[in-house]
Amino acid sequence: MDKFNIAIDGPAGAGKSTIARLVAGALGFVYVDTGAMYRAVTWKVQQEGLSPDQESEVIALANRMRIELVPTAEGQQVYVDGVDVTKAIRTIAITDHVSQIASIGAIRELLVAMQKQMAVSKGIVMDGRDIGTHVIPDAELKIFLTASVSERAERRFKEMQSSGTCTMTLEELAQDIARRDQLDQNREISPLRRADDAILMDSTSMTINEVVDEILGLCKSKV
Ligand code: C5P
């Protein structure tokens, strides 16, 4: 199959990562989770004892650090300066501050440049918030994946329960998701929004497989 790029954007907990990973696997493409890159910067900021408010120090640190994304059968491993942070970037301490870090213009510029570079050779399924609008505006297929806040919270809750990482109530999760939606949609630079040419998919009452199959069906017209 000829390679092309797929951009999957949408709010927190819409199932983007799982779906992007499955679509990439089915097509033999590479999955790139861009949220992990913002999380990696947030992790490093915390390791260095910086506050997200110390913008110039945060920007200097981000420019010094090395982020590596290694595709695996399960998705993607994330390394910061050679340290495997794949699990560490998923903690609440990171989730609480990542949207603030992601609202810093110079951080976005740095990470978006890396993401654009990854997409040059095509065959990428990239998920995030600004992929269809800024990172790969020429992606051959753009999906904007959403679901209701309560459905997204419930999915995250079940996911965390089954992985034994659940430290929040369902209610707290819903509040956190709504808070991040708010920050991501209202930030000045590259806010979360659907690209004009992105296909809107509401997965509230769809299974993961139904969403994946629909996207794979859309891919058929691209080859
Ligand atoms: O996708 P995930 O929930 O891991 O992303 C964490 C945060 O990173 C988001 O809430 C958002 O603030 C930020 N992000 C972003 N642009 C992207 C991907 C993620 O601003 N392309």
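Not measured: the values here are computed from a predicted model.

A. Just the site of the ligand, in detail. Of all residues adjacent to the ligand, which total 14 residues, the nearest are Gly-35, Ser-99, Ala-102, Gly-128 and Arg-129. Listing elements by their share of the shell around the ligand, those giving two or more residues are helix 2 (35-47), helix 4 (92-101) and helix 8 (170-186). For the shell around the ligand, the element with the most residues is helix 2, which contributes 3 residues. Considered class by class, the residues forming the shell around the ligand number 5 nonpolar, 4 polar and 5 charged.

B. The arrangement of unusual backbone geometry in detail. With a phi angle near 65°, Lys-122 is a residue other than glycine that sits in the positive phi range. Its location among the elements puts Lys-122 in the loop between helix 5 (105-119) and strand 6 (124-128). For Lys-122, a count of 14 C-beta atoms within 10 Å gives the class partly exposed.

C. Local environment of the pairing of strand 3 (residues 67-72). Judged from the 6 bridges that link them, strand 3 and strand 4 (residues 75-80) form a sheet pairing that is antiparallel. The residue bridging Pro-71 from the neighbouring strand is Gln-76, located in strand 4. Once strand 3 ends, the chain turns through 2 residues before running back antiparallel as strand 4.

D. Inspection of the nonpolar core at higher detail. Counting 54 residues, the largest nonpolar core has Ile-8, Ile-19, Val-23, Ala-40, Ile-101, Val-125 and Met-126 as its most contacted members. Residue contributions to this core peak at 7 residues, all from helix 2. Excluding residues within four positions of it along the chain, Ile-101 makes contact with Tyr-38, Val-41, Thr-42, Val-45, Pro-52, Val-58 and Ile-107. In terms of nonpolar packing, the next biggest core, distinct from the first, is built from 5 residues, Ala-12, Leu-173, Ala-174 and Ile-177 among them.

E. Representation of the sheet that holds strand 6 within the structure. Here we have 5 strands laid out as an open sheet, ordered 2-6-1-7-8, and parallel in their pairing. One side of each edge strand has no neighbouring strand; the edge strands of this open sheet are strand 2 (30-33) and strand 8 (199-202). Here the strands of the sheet are splayed against their neighbours by 20° on average, with no regard to which way each runs. Of the strand pairs in this sheet, strand 1 (residues 6-9) and strand 7 (residues 141-146) are connected by 4 bridges, and their pairing is parallel. Across the sheet, Ile-8 pairs through a bridge with Ile-143, a residue of strand 7. Docked against the sheet, helix 1 (residues 16-27) engages strand 1, strand 2, strand 6 and strand 7, running at close to 180° with respect to strand 6. Along the sheet face, helix 5 touches strand 2 and strand 6 and points at about 155° away from the line of strand 6.

F. Focus on helix 9 (residues 208-220). Here helix 9 spans 19 Å end to end across 13 residues, near enough to the 18 Å set by a 1.5 Å rise per residue. Every buried residue of helix 9 is listed here: Val-211, Val-212 and Ile-215. Looking straight down helix 9, one finds its buried side chains confined to an arc of 100°; they lie on one side. Turned more than 90 degrees away from the buried face of helix 9 sit Asn-209, Glu-210, Gly-217 and Lys-220, all of them exposed. Looking at the buried side of helix 9, the elements it contacts are helix 1, strand 7 and strand 8.

G. Fine view of the sheet that holds strand 5 (residues 83-84). The strand order 3-4-5 describes an open sheet built from 3 strands, whose pairing is antiparallel. Every interior strand has two partners, whereas the edge strands, strand 3 and strand 5, have only one.

H. Just the environment of Arg-193, in detail. As for its placement among the helices and strands, Arg-193 is situated in the loop between helix 8 and strand 8. In the structure, Arg-193 is positioned 168 residues away from Gly-25 in sequence and 26 Å away in space, judged by C-alpha atoms.

I. Quick peek at the confidence of the model for the protein. Per-residue pLDDT for the protein averages 94, and the proportion of residues at 70 or more is 99%. Across the interfaces of the predicted complex, the ipTM metric reaches 0.99, alongside a pTM of 0.94.

J. Main features of the environment of Asp-96. For Asp-96, the position within the fold is in helix 4. Considered as a pair, Asp-96 and Ala-36 are 60 residues apart in the sequence and their alpha carbons are 14 Å apart.

Rules and cut-offs
Residues numbered from 1 in each chain as written. Predicted model: local features only at pLDDT ≥ 70, side-chain atom pairs only at ≥ 80, totals over all residues. Near = placed C-beta within 6 Å. Helix = DSSP H or I, 4+ residues; strand = E, 2+ residues; numbered from the N terminus. Nonpolar A, V, L, I, M, F, W, Y, C, P; charged D, E, K, R; others polar. Buried ≥ 20, exposed ≤ 12 C-beta atoms within 10 Å, placed from the backbone. Pairing = 2+ DSSP bridges. Core = buried A, V, L, I, M, F, W, Y, C linked by C-beta atoms within 7 Å. Contact = placed C-beta atoms within 7 Å. Axes fitted to C-alpha atoms, helices over the stretch in contact; angles between N-to-C directions. Expected span 1.5 Å × (residues − 1). Arc of directions from axis to C-beta. pLDDT = per-residue confidence, 0-100.

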